[in-house]
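The residues making up each chain are set out below.
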Amino acid sequence: MNVAVIGAGTMGNGIAHVFAQHGFSVALIDTNPASLDKGLATIGKNLDRQVAKGGLTADDKAATLERLTSFTSLAEGVRTADLVVEAATENVDLKLSIFRELDQHAPTAAILASNTSSISITRIAAVTKRPAQVIGMHFMNPVPVMKLVEVIRGYATSDEVTQRVMDLSRQLGKTPTEVNDYPGFVANRILMPMINEAIYSLFEGVAGVEEIDTVMKLGMAHPMGPLQLADFIGLDVCLAILRVLHDGLGNPKYAPCPLLVNMVTAGRLGVKSGEGFYSWAHGTKELVLAERFRK
């Protein structure tokens, strides 16, 4: 089976990694050659980490890399694909544009999947002539480690396509969970209000960054606090998802905290920019508060 993955960023290279590791031929597509090089280098480093931990052999690593081919042309990259997984930036106009192009160039029998974390699959499917073959395949970050795949059925997604994607997810060693197409699906409909409430708690002076994260880690057994997690996800991504929830459901409880809006406007996006609630430019594994949040 041939798989094409669109976008060589954090999610895209992770998705390509797991498909190639499990025996699929994978075309990794990105219009930016530098992004492709970076994505392939990341896959190599992550495979090295698996080898060092005894999860893979050196031969497994080599075989995985041999199954990967990179393309800067979407039309060429998806030409023989049985499944396309789009993992571009969480921007609705960009995704709609990609799916229009996919519909023109991917084989007529190909399944078109999106890794979107919040955007309507039904809306994406509506710009294609194959809505029954369009589905959400929402992986969690980091993809090679996290077991969940949220499989989102659009209004027109067929039973056959849903079952094929569920089965494919299991072949990757993942646990697929089927959900329906409503804003934020399940994962982010629950997660983002929690993160937003943590930001409101900071904004309103209830507690500091460290205190909020400590309460959730030690009191709720979360592996990391919500503010640290927001930094990892990207504050811009958190804001985009909250806006999808707010617009799609019309409920004021999803309105993004003004502090989050200001931080994104100022370019403080978390790990990707080097600073969010924490500083990520200090070169150690210790959590260091961003300057503005230090007491």
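Scoring rules and cut-offs
- Residue positions within a chain follow its written sequence, with the count starting from 1.
- This being a predicted model, a pLDDT of at least 70 is required before a residue's local features are given, and a value of 80 or more before pairs of side-chain atoms are given or counted; all residues contribute to the totals for chains, interfaces and linings.
- Note that the side-chain values use all heavy atoms of the structure and ignore hydrogens as well as water.
- UniProt positions are given in the numbering used here, feature names are shortened, and annotations may be inferred rather than shown by experiment.
- What counts as a helix is a DSSP run of H or I of at least four residues, what counts as a strand is a run of E of at least two, and both are numbered from the N terminus.
- Atoms counted for the radius of gyration: C-alpha only. Globule rule: 2.2 Å times the number of residues to the power 0.38.
- Each residue is assigned to one of three classes by its accessible area relative to the maximum for its type, calculated with a 1.4 Å probe on protein chains only: buried under 20%, partly exposed between the two thresholds, exposed over 50%.
- Contacts are assigned to residue pairs that have any heavy atoms within 4.5 Å of one another.
- His is not counted, nor are the chain ends, whereas Lys and Arg count as positive and Asp and Glu as negative.
- Taken as the charge centre is NZ of Lys, CZ of Arg, CG of Asp or CD of Glu, depending on the residue.
- Residues adjacent in sequence count toward polar contacts only when both atoms are side-chain atoms; beyond that, a polar contact is any pair of N or O atoms within 3.5 Å, and within protein one must be able to donate a hydrogen and the other to accept it.
- For Phe, Tyr and Trp, where Trp contributes only its six-membered ring, two rings pair if their centres lie within 6.5 Å, and the inter-plane angle classes them as stacked under 30 degrees, edge-to-face over 60, or tilted in between.
- Cysteine sulfur atoms that come within 2.5 Å of each other are treated as a disulfide pair.
- What makes a salt bridge here is a side-chain nitrogen of Lys or Arg within 4 Å of a carboxyl oxygen of Asp or Glu, nothing more.

The name given to the protein chain in an unreviewed UniProt entry is 3-hydroxybutyryl-CoA dehydrogenase, with the source organism recorded as Hymenobacter swuensis DY53. Database annotation for the protein chain, UniProt heading Sequence similarities (unreviewed entry): "Belongs to the 3-hydroxyacyl-CoA dehydrogenase family."

Student: Would you mind going over the overall build of the protein chain with me for this structure?
Tutor: When you go through the protein chain residue by residue, the secondary structure sums to 12 helices and 10 strands. Here the protein chain has a C-alpha radius of gyration of 19 Å; the compact-globule value for 295 residues is 19 Å, and the two agree. For the protein chain, with 295 residues in total, the buried portion stands at 46%. Long-range pairs, those at least 24 residues apart, make up 64% of the contacts in the protein chain with a sequence separation of at least 6. Of note, the protein chain has its 27 positive side-chain charges centred 1 Å away from the centre of its 30 negative side-chain charges.

Student: So what exactly am I meant to see when it comes to the UniProt feature "site: Important for catalytic activity" (unreviewed entry) in the protein chain here?
Tutor: In this structure's numbering, the residues bearing the UniProt feature "site: Important for catalytic activity" (unreviewed entry) are H138. Within the secondary structure, H138 sits in strand 6 (residues 134-139). Within the structure, the side chain of H138 is placed 2.8 Å from the side chain of E150, a separation counted as a polar contact.

Student: So what exactly am I meant to see when it comes to the packing of aromatic side chains here?
Tutor: Each aromatic ring pair is described using two quantities: the centre-to-centre distance and the angle formed by the ring planes. Taken as a whole, this structure holds 6 aromatic pairs when the rule is applied. Where F19 meets F24, the ring centres are 5.3 Å apart and the plane angle is 85 degrees; that geometry is what we call edge-to-face. For F19, a relative accessible area of 0% gives the class buried. Seen in terms of ring centroids, F232 and W280 are 5.2 Å apart; in terms of plane orientation they differ by 65 degrees. Their pairing is edge-to-face. One end of the pair, F232, is in helix 10 (residues 226-233); the other, W280, is in the loop between strand 9 (278-279) and strand 10 (288-289), and 48 residues separate them in sequence. Exposure remark for F232: the relative accessible area of 41% places this residue in the partly exposed category. Of the aromatic side chains, those joined through ring pairs into one cluster are F19, F24 and F139.

Student: Can you help me understand the state of the cysteines in this one?
Tutor: Working definition: the covalent bond between the sulfur atoms of two cysteines is a disulfide. Going through the model one piece at a time under the given rule, you end up with 0 disulfides. C238 takes part in no disulfide bond, and the closest cysteine sulfur to it belongs to C257, at a distance of 12 Å. For C238, a relative accessible area of 1% puts it in the buried group. Residue class for C257 comes out buried when judged on its relative accessible area of 0%.

Student: Sorry, what's going on with the pattern of salt bridges here?
Tutor: Between side chains of opposite charge, a pair can form when the charged atoms approach closely. Taken as a whole and assessed by the stated rule, the structure comprises 10 salt bridges. For the salt bridge of D159 with R153, the shortest nitrogen-to-oxygen distance reads 2.7 Å. Relative accessible area serves as the criterion here: at 57%, D159 is assigned to the exposed category. A residue is classified by how much of its surface remains accessible, and R153, at 18% relative accessible area, is buried. One salt bridge connects R153 with E178, and the closest N-O pair in it is separated by 3.6 Å.

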